[in-house]
Amino acid sequence: MKKFKYIFIALILLFLATFIYQHYIYYKIPYNPLVELDSDTLNGFHFSENHPHPNDTIKKSTHNLNTTTRIFEYFSDLNLVPLKEKSNWDEIYNHGDIYYSGMFEFETSPTGYGTEVHINEIWLDNLTILRISSPRPKFKDGYYKIIDDKFDYEYINDLITNSQN
């Protein structure tokens with residue numbers, strides 16, 4: 001009977017530890033999901049400044065390997081922390097009309113999946129929040145906050161413009 005009691009207590013402690021990690025500790029640890037990706041298979045980058053009127057949207061892209069690698073390194077070097085949607089609702093969803101989005105293209109993998117990584121919802125009025133997503137299996141999609149910095153859209157824009165010259 002004592003064995004069952006100790007096993008039951010151990011299971012409860014394990015459940016509590018898992019719950020606390022998933023709901024509190026995970027959101028305090030800096031993590032950038034782009035670090036896990038291989039930049040050797042980069043194929044291009046698309047960047048757009050989205051406006052409420054589709055005619056005002058500015059789209060740029062580059063397939064220059066050097067430029068794409070530099071942009072990927074910029075995003076990979078960002079110090080990010082995951083955001084919990086429920087507790088950061090206002091910070092994530094209440095914004096103006098203009099936002100930036102980007103997409104990294106990767107060469108097709110032998111398995112044929114996960115050839116894109118999207119970086120969306122970088123709002124002009126809050127350049128510290130972004131959404132990273134990909135169809136790759138086990139990729140940690142979600143909203144992230146840039147710690148101690150903000151997104152430098154002028155740097156990305158200049159890199160793409162200079163690669164086209």
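The residue count restarts for each chain, going from 1 along the sequence in the order it is written. Only residues with pLDDT of at least 70 are given local features in this predicted model, and only at 80 or more are side-chain atom pairs given and counted; all residues enter the totals for whole chains, interfaces and linings. The basis for the side-chain values is all heavy atoms of the structure; hydrogens and waters are excluded.

Caption draft 1: Here's a closer look at the overall build of the chain. Counting from the N terminus, the helices are DSSP H or I runs at least four residues long and the strands are E runs at least two residues long. Check the secondary structure of the chain and you find four helices and seven strands. Listing the helices and strands of the chain from first to last along the sequence gives α-β-β-α-β-α-β-β-β-β-α. Computation of the radius of gyration draws on C-alpha atoms, with the globule rule given as 2.2 Å multiplied by the number of residues to the power 0.38. For a compact globule of 165 residues, the expected C-alpha radius of gyration is about 15 Å, and the chain comes in at 20 Å, more than 25% above that figure. Seen through its principal axes, the chain has C-alpha atoms that stretch 75 × 40 × 25 Å. Accessible area is worked out with a 1.4 Å probe on protein chains only. A residue is then buried under 20% of its type maximum, exposed over 50%, and partly exposed in between. Buried positions account for 36% of the 165 residues belonging to the chain. Look at the contacts in the chain between residues 6 or more apart in sequence, and 63% of them connect residues 24 or more apart. Looking at the chain, you have 15 positive and 22 negative side-chain charges, and the mean spots of the two groups are 17 Å apart. In what follows, a contact means two residues having at least one pair of non-hydrogen atoms within 4.5 Å. We count Lys and Arg on the positive side and Asp and Glu on the negative side, and we leave His and both chain ends out. We put the charge of a Lys on NZ, of an Arg on CZ, of an Asp on CG and of a Glu on CD.

Caption draft 2: Looking closely at the packing of aromatic side chains. For Phe, Tyr and Trp, rings pair up if their centres lie within 6.5 Å, where Trp contributes its six-membered ring, and each pair is then called stacked (planes under 30 degrees apart), edge-to-face (over 60) or tilted (otherwise). Enumeration according to the criterion identifies 18 aromatic pairs in this entry. Where Phe 72 meets Phe 106, the ring centres are 6.1 Å apart and the plane angle is 85 degrees; that geometry is what we call edge-to-face. One end of the pair, Phe 72, is in helix α2 (residues 65-77); the other, Phe 106, is in strand β4 (residues 99-106), and 34 residues separate them in sequence. Judged by relative accessible area, which is 4%, Phe 106 ranks as buried. On the basis of an interplanar angle of 25 degrees and a centroid distance of 5.6 Å, the ring pair of Phe 75 and Phe 151 is categorised as stacked. Here Phe 75, found in helix α2, pairs with Phe 151, found in the loop between β7 (142-146) and α4 (153-164); they are 76 residues apart in sequence, far enough to count as distant. Taking relative accessible area as the criterion, Phe 151 reaches 1% and is therefore assigned buried.

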